Amino acid sequence: MKWGDRMNRRDFLKSALTVAALAPLTRLAAGDRAGGEAGDGDKIPELRGAPITRRRYKNTGLTLPLLGFGMMRLPRLSPDRPDIDYATVEKQIARAMEVGLNYFDTAYFYHDGQSEVCAGKLLTKYPRDSYYLADKMPVRALKKAADVERIWNEQLERCKADYFDFYLLHNLNRERWEDAKRFKVCEFLEQKQKEGKIRKLGFSFHDEPEVLAEIAGYRAWDFAQIQLNYLDWTIYRSREQYEILTARGIPVIVMEPLRGGALARLNPEATAVFKQAAPEASVASWALRYAASLPNVICVLSGMTLTEHLEENIRTFTDFRPLTDAERGTIAAALAAYRKAGVIPCTECRYCMPCPAGVEIPRVFGLYNQYKTTGAMSQFLKIYNKMDEDSKAAACVACGACLKKCPQKINSPEQLQRVESELQAYRRSRKRRG
C-alpha cells in the first residue's frame, strides 16, 4: 500500500511497519527515571512521584511526558506587547516540573525572541538533566550559509544551554526545505548531533503530505512535529501526514492540538454535544485526548497561557485514557456542529506579522472567530472599535505579503474583506432599525 492510499484503522494498526514504530504507553511509578539507556547519549531525569503519563521513545529507555509545555503563548504583561510575565511563568514551570511535565518547547521567533530568553532564565534554575529542552532552526530567517551557525550560537546563549535535547528544522514547507538544502542545514546539525550538542534531531512541518514524504525520506529523522487535531485530520490532511511518519518509524510530536485555542472555544451547539456526553470534561480535553490517543504520538504540545489551563491539562494527562469508539463518535458530532459556525481557520501564530499596512491580522481574526462562535457582535465591536484604524480589516491593501507566510494557507486579504463586509452589513442593519 502506498503512503497516499486510504487505509482503515484496523489495517493501519496491523501493519508490521507501524507496529514496529509504535511506542508503548507507560506511566512511571515513583522513583522511576525517564531518559535514555546508559551510554546511549540520552539523559535520565529524576521523576519521583510524577503523575503525568509518559510514552517511551521507540525501544529505548527514553520516555517523554505525553503533555509538553509549549512556550509560544506564554502569559504576557500586556495583551498588546510580547513582554512575558516572568513571575507567572516561573510558577507554571515549577508546577509542571512537580508533576513530571518536563518537556519545554521554544523557538527563535516565539514572543519576538523572548521565549528562548525566558527558557534560559527560568529553566536553568533546575538541574540540566531534569528536563528536556526543544528548540528550532528558523530556516525562514536564513539569508546565507553563515547564518546557520550564527543563529545556533545565539540560541545556545539565549537558552543558557550547552546542548538541546530535541532540535528541529522549523516550519518546513517546500520552499524552506529547498533553502535548508541550499544552506546545508542538515549537515551542520548532524555535526552538532555527533558532538553531543543535539540529542534528537527532527523537523516541524506545514505543507502538503507530498512534500512531507520527500522530507521524511531524506534522512533517518529522530522525530517530526506536525499540526494535528480533529478538525485538521481531514481538511489539513493531518491523517496522511501521521501515516507517512508512522510508516517510516518516525515518532510524532503534535503541535496545535487545540488549533490555537479554537477547539477550546467552540460554538454553543458543538459545546452542548460534548457537555451532554461528559458534563465534567472540558471542551479542550476532548481535543487533547484525540491527539494523544494516536499510538505513534509521543508528546502533545500545549501553549498554556493561563495557569488554570495548565492545571486542567495536568488532570487530562494524569492516568491518561485514550478515546473510546463512542467518544470518537461524540467528537464527530461536535465537529459537524462546529463547522456550521463559519470561523476563519487562524491559529493566531503571528507568522504573518508584521503586516506592511499595519493590519493586526491575527487579532482581527481572533476577535471575529470569537464572535462567530458566541454570536456576540456587541462584544466583538466593544474591543474592535478601540483598535487603531490602521490595524483593522479595512486597512488591508491586499499586497499579498501574508500569503506565503501563513502555515494554514489562509487567504488573509480575502478573509479580511469578509470581516469588513460583515461589519458593514451589520452597521447598515443597525442604521435601518434606527
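To be clear, the structure that these remarks concern was listed above.
Everything in this summary refers to the structure shown in the same document. Only a predicted model underlies this, so the values are computations on that prediction, with no experimental measurement involved. Here the residue index of a chain counts from 1 through its sequence in written order. Where totals are concerned, whole chains, interfaces and linings use all residues; where local detail is concerned, this predicted model gives features only for residues with pLDDT of at least 70, and gives and counts side-chain atom pairs only at 80 or more. Heavy atoms from the whole structure form the basis of all side-chain values; hydrogens and water molecules are not counted.

1. A closer look at the overall build of the chain
Next, step 1: In terms of helices and strands, the chain carries 17 helices and 11 strands.
Next, step 2: With a 1.4 Å probe rolled over the protein chains alone, any residue whose accessible area is under 20% of its type maximum counts as buried; one over 50% counts as exposed, and the rest are partly exposed. Taking all 434 residues of the chain together, the buried fraction comes to 56%.
Next, step 3: Any two residues whose heavy atoms approach within 4.5 Å at even a single point are treated as in contact. Taking contacts inside the chain between residues at least 6 apart in sequence as the whole, the part at least 24 apart equals 74%.
Next, step 4: For the chain, the accessible surface area stands at approximately 19,000 Å², while carbon and sulfur atoms represent 51% of it. A run of H or I in DSSP counts as a helix once it spans at least four residues, and a run of E counts as a strand once it spans at least two, with each numbered from the N terminus. Methods summary: accessible areas were calculated by the Shrake-Rupley approach with a probe of 1.4 Å, and residue burial reflects only the protein chains presented.

2. Topic: the packing of aromatic side chains
Next, step 1: Two aromatic rings, drawn from Phe, Tyr or Trp (for Trp, its six-membered ring), form a pair once their centres lie within 6.5 Å of each other, and the interplanar angle then sorts them: stacked below 30 degrees, edge-to-face above 60, tilted otherwise. Within the structure shown, the criterion is met by 19 aromatic pairs.
Next, step 2: Here the aromatic rings of Phe-166 and Phe-223 are separated by 5.2 Å at their centres, their planes lie at 75 degrees, and the arrangement is edge-to-face. Placement of the pair is Phe-166 in strand S7 (residues 164-172) and Phe-223 in strand S9 (residues 223-227), with a sequence separation of 57 residues. There is no split in this pair, since Phe-166 and Phe-223 are both buried.
Next, step 3: An angle of 15 degrees between the planes, with centres 5.6 Å apart, marks the rings of Phe-317 and Phe-320 as stacked.
Next, step 4: The exposure class assigned to Phe-320 is buried, which follows from its relative accessible area of 7%.
Next, step 5: Lying over the aromatic face of Trp-221, Arg-219 brings its terminal NZ or CZ to 4.9 Å of the ring centre. Note on geometry: a ring has a charge over it if NZ (lysine) or CZ (arginine) is within 6 Å of the ring centre and within 35 degrees of the ring normal.

3. Looking at the nonpolar core
Next, step 1: Residues Leu-169 and Phe-203 are the most contacted members of the largest nonpolar core, which totals 96 residues.
Next, step 2: Per element, the largest residue contribution to this core is eight residues, and it comes from helix H12 (residues 283-292).
Next, step 3: Beyond its immediate sequence surroundings of up to four residues, Phe-203 is in contact with Leu-168, Leu-169, Leu-172, Leu-212, Ile-215, Trp-221, Phe-223, Ala-224, Gln-225 and Leu-245.
Next, step 4: Within the second largest apolar cluster, 25 residues are counted, among which are Met-377, Met-387, Cys-406 and Leu-423. Here, nonpolar core means buried Ala, Val, Leu, Ile, Met, Phe, Trp, Tyr and Cys residues that are tied together by side-chain atoms lying within 4.5 Å of each other.

4. Some details on the side chain of Ser-238
Next, step 1: Note that Ser-238 resides in helix H10 (residues 238-247).
Next, step 2: Using a relative accessible area of 0% as the deciding quantity, one classes Ser-238 as buried.
Next, step 3: In this view, Ser-238 contacts Ile-226, Gln-227, Leu-228, Asp-232 and Trp-233; residues no more than four positions away in its chain are not counted.

5. Digging into the pattern of salt bridges
Next, step 1: Only one rule defines a salt bridge in this text: a Lys or Arg side-chain nitrogen within 4 Å of an Asp or Glu carboxyl oxygen. In total, this model carries 26 salt bridges according to the counting rule given.
Next, step 2: Taken together, the salt bridges that share partners define one network made up of Glu-116, Lys-144, Asp-147, Arg-150, Glu-154 and Arg-158.

6. Re a positive patch on the surface
Next, step 1: Like charges are joined within 9 Å and nonpolar side chains (Val, Leu, Ile, Met, Phe, Trp, Tyr) within 5 Å, but only among residues with over 30% relative accessible area and no salt bridge; these make up the patches. None of His or the chain ends enter the tally, which takes Lys and Arg as positive and Asp and Glu as negative. A single reference atom marks each charge: NZ on Lys, CZ on Arg, CG on Asp, CD on Glu. Taken together, the side chains of Arg-428, Arg-430, Arg-432 and Arg-433 define a basic patch exposed on the protein surface.
Next, step 2: Mapped onto the elements of the fold, Arg-428 is located in helix H17 (residues 412-433).
Next, step 3: When its relative accessible area of 46% is taken as the criterion, Arg-428 is described as partly exposed.

7. As for the pairing of S7
Strand residues, when the strand is regular, have side chains that alternate between the two faces of the sheet.
Next, step 1: Where burial is concerned, most of S7 is hidden: nine out of the nine residues are buried.
Next, step 2: Bridge analysis of strand S6 (residues 132-137) against S7 gives four bridges, and the strand direction is parallel. Counterpart to Lys-136 in the pairing with S7 is Leu-168.
Next, step 3: After leaving S6, the chain enters helix H5 (residues 146-159) and then returns to the sheet as S7, a path that is right-handed.
Next, step 4: The pairing criterion for strands is at least two bridges between them, as found by DSSP. Of the strand pairs in this sheet, S7 and strand S8 (residues 198-205) are connected by six bridges, and their pairing is parallel. Bridge pairing links Phe-166 to Lys-200 in S8. The handedness rule is simple: strands pointing away from the viewer, and a clockwise path from the first strand over the helix to the second, make the crossover right-handed.

8. Examining unusual backbone geometry
Next, step 1: The step from Met-353 to Pro-354 runs through a cis peptide bond, and the omega angle for that step is 0 degrees.
Next, step 2: Considering the arrangement of structural elements, one finds Pro-354 in the loop between helix H14 (325-338) and helix H15 (361-374).
Next, step 3: Located in the positive-phi region is Asn-171, a residue other than glycine, with phi close to 55 degrees.
Next, step 4: Among the secondary structure elements, Asn-171 is positioned in strand S7.
Next, step 5: Of the residues examined, Asn-171 reaches a relative accessible area of 4% and is grouped as buried.
Next, step 6: Located in the positive-phi region is Arg-237, a residue other than glycine, with phi close to 60 degrees.

9. A few points about the sheet that holds strand S11 (residues 297-302)
Next, step 1: Strand order in the closed barrel formed by eight strands is S4-S5-S6-S7-S8-S9-S10-S11, and the pairing between neighbours is parallel. Here the average twist between neighbouring strands, direction ignored, is 30 degrees. Note on geometry: axes are C-alpha line fits, over the in-contact stretch for helices, and angles between N-to-C directions span 0 to 180 degrees.

10. Brief notes about the packing of H5 against helix H7 (residues 185-194)
Next, step 1: For the pair H5 and H7, the least separation of the axes is 10 Å and the interaxial angle reads 40 degrees. Compared by their axis directions, H5 and H7 come out oblique. Judged by the twist between their axes, the crossing of H5 over H7 is right-handed. Here Val-148, Glu-149 and Trp-152 of H5 come into contact with H7, specifically with Val-185, Phe-188, Leu-189 and Lys-192. Each angle receives one of four descriptions, namely roughly parallel if under 35 degrees, roughly antiparallel if over 145, roughly perpendicular if within 65 to 115, and oblique otherwise. The sense of a crossing depends on the near helix, which, turned anticlockwise from the far helix by less than a right angle, makes the crossing left-handed and, turned clockwise, makes it right-handed.

11. Some points on helix H6 (residues 174-182)
Next, step 1: Looking at H6, one finds that the buried residues are Arg-176, Trp-177, Asp-179 and Ala-180. Looking straight down H6, one finds its buried side chains confined to an arc of 160 degrees; they lie on one side.
Next, step 2: Contact partners of the buried residues in H6: S7, H7 and helix H8 (209-216).
Next, step 3: The first or second residue beyond H6 is Lys-184, which carries a positive phi of 55 degrees. Directions drawn from the helix axis to the C-beta atoms are what define this arc.

12. Topic: the pairing of S11
Next, step 1: Buried residues dominate S11, accounting for six of its six residues.
Next, step 2: Summarising the sheet, strand S4 (residues 67-70) and S11 pair through three bridges and their orientation is parallel. Each residue of the ladder has a partner; that of Gly-68, found in S11, is Leu-301.
Next, step 3: The pairing of strand S10 (residues 252-255) with S11 spans three bridges and is classified as parallel. Residue pairing for S11: Val-254 is matched across the bridge by Val-300.

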